[in-house]
Amino acid sequence: MKKYEIGLIGLSVMGQNLALNIARNHSIAVYNRTESKTRAFMKDKVKNQDLKAAYELEDFVASLEKPRKIMLMIKAGKPVDLVIDSLLPYLEAGDIIIDGGNSHFDDTNRRLNNLKEKDIRYLGVGISGGEYGALHGPSIMPGGNEEAYAEVSEIMEDAAARTEKGACVSYLGPNSAGHYVKMVHNGIEYGIMEVLAEIYDYMRKVLQLKPEEMGDIFAEWNQEFDSYLVEITAKIMKKDDPKTGRKLIDLILDKAKHKGTGKWSVQSALDLGTAIPTINAGVNARLMSAIKSERVENAAQFADDTRAVVSKDEMLPVLKSALYFASVIAYTEGFKLLKTASEEYNYQLNYKEIARIWEDGCIIRSGLLEPIQAAFADDMQLKTLITAHQFKAQLNAAAEEIEKIITTAAQSGLPLTAVHSALDYFNSLKSEELPANLIQAQRDFFGAHTYQRRDEDGIFHTEWE
Ligand code: 6PG
């Protein structure tokens, strides 16, 4: 019986597209729990590829070369455990399971350790790029058993997006390193998406621009930014609704969902004691958006259409600076979180390499990843991107301008949380003096929590009254 190089379980659109992508260069067997989905896939999508459909799990496993390499493209959470449990009776020592979903890094650590006891090797692999990326070349973020990675690296490299620097995939580190990096990728994604949403909000409500014009502006800016998220924002602005002929963006409800990776980034950052306020703003904004009916009720009580009067010609360049500034800060927060996590979890992350594999295929690909790589090439131990010469002067200049947007947005009753958070993050990080002396004093006042002094070493307590 012919043996296939790799197997893939889970034929959602991502799984289907990744299977078709892999099948361009390698033989692959696929399996899906619901048989009808597999049959539809084979009938509609598979043409002459070296791709076998299996309809029984046992047959699927038996059709794979040893050691078996099995990629899971299934919903993160319980389903991953269930599929692993159902596979185990058919696996042998040395086989490799690759989880390509957005699994929580704690789950990946747990699965990896449990499977180690059974001599099954495990890789937690972040895959970014949506449906298009899965088919044409995603950015792939593998972590876990390094020897196992060596055995699948060729398949991953052939499937990944490619720049002149190579394939957008690289072994990132042990245990859950891959899924951690993907989680932070998504955190940055949340931050930049919210920054774009806020700039759009300012353009439509304060500058009174129409989607068509905003589309032109985002497209023009993107000649410089070369950012996928800016590119799609420009395209979204231009899209007509076939039903009504109106702009589709005006008809879409302002209520955004989320599946967890942004929230996990914030939770992990809090656990590790690192602030990521711009990313957090992206998560919070989705939560605020979700309570639409409550917002509508409240709005009726606060009806106020005061809008700051500003000049479009003056503000557009400032909005562009804000987009640059807050995007750089979202990456800055993300890389700082990665550094903290790498030290805590011993991932030994290579930040320059992470920026390189994000340069194509993934959702946060942008022109900023080039100077980010340069900054880490200059100093691998860089504490923060804000001090890198690639960014320092530009951030300073942009920070001065952004004030105008923040003031006029506030005058217009417009929330601008991500842009504002980015500015506050920058200002905090470059402040020699923060008011935490007062926080120390307050804690000592009401709880005898003690404090440290500037003029003397040691721990002190004062009877304040
Ligand atoms: C990607 C995306 C992808 C997915 C996220 C978004 O990198 O391709 O990030 O993984 O779109 O899960 O998740 P939310 O539903 O939380 O926005």
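Residue numbering note: each chain is counted from 1, following its sequence as written. Thresholds applied to this predicted model are a pLDDT of at least 70 for local features of residues and 80 or more for the giving and counting of side-chain atom pairs; totals over whole chains, interfaces and linings are not thresholded and use all residues. Calculation of side-chain values draws on the structure's entire complement of heavy atoms; hydrogens and water are dropped beforehand.

**Here we look at the environment of Y228**
Here is step 1: Tracing the backbone shows Y228 in helix 10 (residues 228–238).
Here is step 2: Taking the C-alpha atoms as reference points, Y228 and E353, 125 residues apart in sequence, are found 19 Å from one another.
Here is step 3: By definition in these notes, contact holds between two residues if any of their heavy atoms fall within 4.5 Å. Excluding residues that lie within four positions of it along the chain, Y228 makes contacts with C362, I363 and R365. Only DSSP runs of H or I covering at least 4 residues are called helices, and only runs of E covering at least 2 are called strands; the numbering of each starts at the N terminus.

**Some words on the pairing of strand 4 (residues 69–72)**
Here is step 1: For the exposure calls, accessible area comes from a 1.4 Å probe over protein chains only, and a residue counts as buried if that area is under 20% of its type's maximum, exposed if over 50%, partly exposed in between. In strand 4, alternate side chains face the same way, and those of K69 and M71 on one face and I70 and L72 on the other are all buried.
Here is step 2: Judged from the four bridges that link them, strand 4 and strand 5 (residues 96–99) form a sheet pairing that is parallel. In the sheet register, I70 faces strand 5, and the bridge partner there is I97.
Here is step 3: Assignment of crossover handedness uses the view with strands pointing away from the viewer, where a clockwise path from the first strand over the helix to the second indicates a right-handed crossover. Since strand 4 and strand 5 lie parallel, the crossover through helix 4 (residues 78–87) that links them has a hand, and here it is right-handed. Two strands qualify as a pair provided DSSP detects at least 2 bridges between them.

**Describing the site of the ligand**
Here is step 1: With respect to spatial proximity, 14 residues lie near the ligand, and among them S128, E189, Y190, K259 and R286 are the closest.
Here is step 2: In the model, an oxygen atom of the ligand is placed 3.0 Å from a nitrogen or oxygen of the G129 main chain.
Here is step 3: Note that an oxygen atom of the ligand is positioned 2.7 Å from one of the side-chain N or O atoms of E189.
Here is step 4: Within the complex, the protein chains bury 81% of what would otherwise be the 420 Å² of accessible surface of the ligand.
Here is step 5: Of the residues forming the shell around the ligand, the biggest block, five residues, is contributed by helix 8 (residues 177–205).
Here is step 6: For the domains described, the bounds stem from an automatic or database domain assignment. Taken together, domain 1 (6–175) and domain 2 (182–429) each give at least three residues to the shell around the ligand, which thus spans both. Near, as used in this document, describes a residue that has one of its heavy atoms within 4 Å of the molecule or strand being considered. Distance and chemistry together define a polar contact, namely a pair of N or O atoms within 3.5 Å, with one atom able to donate a hydrogen and the other to accept it when in protein, and with adjacent residues in sequence counting only for side-chain atoms on both sides. Note on areas: Shrake-Rupley with a 1.4 Å probe; residue coverage comes only from the protein chains shown.

**Notes on unusual backbone geometry**
Here is step 1: Note that the residue after K66, namely P67, is joined by a cis bond; omega there is -10°.
Here is step 2: The residue P67 is located in the loop between helix 3 (57–62) and strand 4 in this model.
Here is step 3: Even without being a glycine, D119 presents a positive backbone phi close to 65°.
Here is step 4: In this model, D226 sits at a positive phi of 50°, which is unusual for a non-glycine residue.
Here is step 5: The residue D226 is located in the loop between helix 9 (211–225) and helix 10 in this model.
Here is step 6: What makes D226 exposed here is its relative accessible area of 54%.

**Brief notes about the nonpolar core**
Here is step 1: Counting residues in each nonpolar core, the largest one holds 92 residues, and the members touching the most others are M203, F218, F335 and W358.
Here is step 2: Here this core gets 17 residues from one element, more than from any other, and that element is helix 14 (residues 312–345).
Here is step 3: Both domains that meet at this core, namely domain 1 (6–175) and domain 2 (182–429), each give it at least three residues.
Here is step 4: Leaving out residues up to four positions away in the same chain, W358 has contacts with S139, M141, V181, H185, I188, F335, L338, I364, R365 and L369.
Here is step 5: The next biggest cluster of nonpolar side chains, apart from the first, holds 32 residues, and it includes I6, L11, F41 and V46. Here, nonpolar core refers to any group of buried Ala, Val, Leu, Ile, Met, Phe, Trp, Tyr and Cys residues whose side-chain atoms link them within 4.5 Å.

**Looking at the sheet that holds strand 3 (residues 51–54)**
Here is step 1: Pairing is mixed across the open sheet formed by seven strands, whose spatial order is 3-2-1-4-5-6-7. Every interior strand has two partners, whereas the edge strands, strand 3 and strand 7 (139–144), have only one. Across the sheet, the mean angle from the axis of one strand to that of its neighbour is 25°, orientation sign disregarded.
Here is step 2: Pairing analysis gives four bridges linking strand 1 (residues 6–9) to strand 2 (residues 28–31), with the strands arranged parallel. Paired with G7 across the strands is A29, a residue of strand 2.
Here is step 3: Across the sheet, helix 8 lies against strand 5, strand 6 (121–128) and strand 7, angled at about 15° from strand 6, the strand it touches most. Axes, fitted as lines to C-alpha atoms, cover a helix only where it is in contact. Angles between the N-to-C directions of the axes lie from 0 to 180 degrees.

**As for the pairing of strand 5**
Each regular strand displays side chains that alternate between the two surfaces of the sheet.
Here is step 1: Alternating positions in strand 5 separate into two faces, I96 and I98 on one and I97 and D99 on the other, with burial throughout.
Here is step 2: Relative to strand 6, strand 5 runs parallel, the two being bridged by four bridges. Among the inter-strand pairings, I96 is bridged to a residue of strand 6, identified as R121.
Here is step 3: Read from strand 5 through helix 5 (residues 105–117) to strand 6, the crossover connection turns out right-handed.

**Things to note about the domain arrangement of the protein chain**
Here is step 1: On domain assignment, one finds that the protein chain holds domain 1 (6–175), domain 2 (182–429) and domain 3 (435–465).
Here is step 2: Look at where the C-alpha atoms of domain 1 and domain 3 centre, and you get two points 54 Å apart.

**Thoughts on the packing of aromatic side chains**
Here is step 1: Only Phe, Tyr and Trp rings are paired, with Trp represented by its six-membered ring, and only when their centres lie within 6.5 Å; those with planes under 30 degrees apart are stacked, over 60 edge-to-face, the remainder tilted. This structure, assessed with the given rule, holds 15 aromatic pairs.
Here is step 2: An aromatic cluster is defined as three or more aromatic residues linked by ring pairs; in this entry it consists of F105, Y180, Y345 and Y347.
Here is step 3: Positioned above the aromatic ring of Y55, the side-chain terminus of R39 is 3.9 Å from the ring centre.
Here is step 4: A positively charged side chain is recorded as over a ring if its NZ (Lys) or CZ (Arg) lies within 6 Å of the ring centre. The angle to the ring normal must also be within 35 degrees. R286 extends its terminal NZ or CZ atom over the ring of Y190, reaching a point 3.7 Å from the ring centre.

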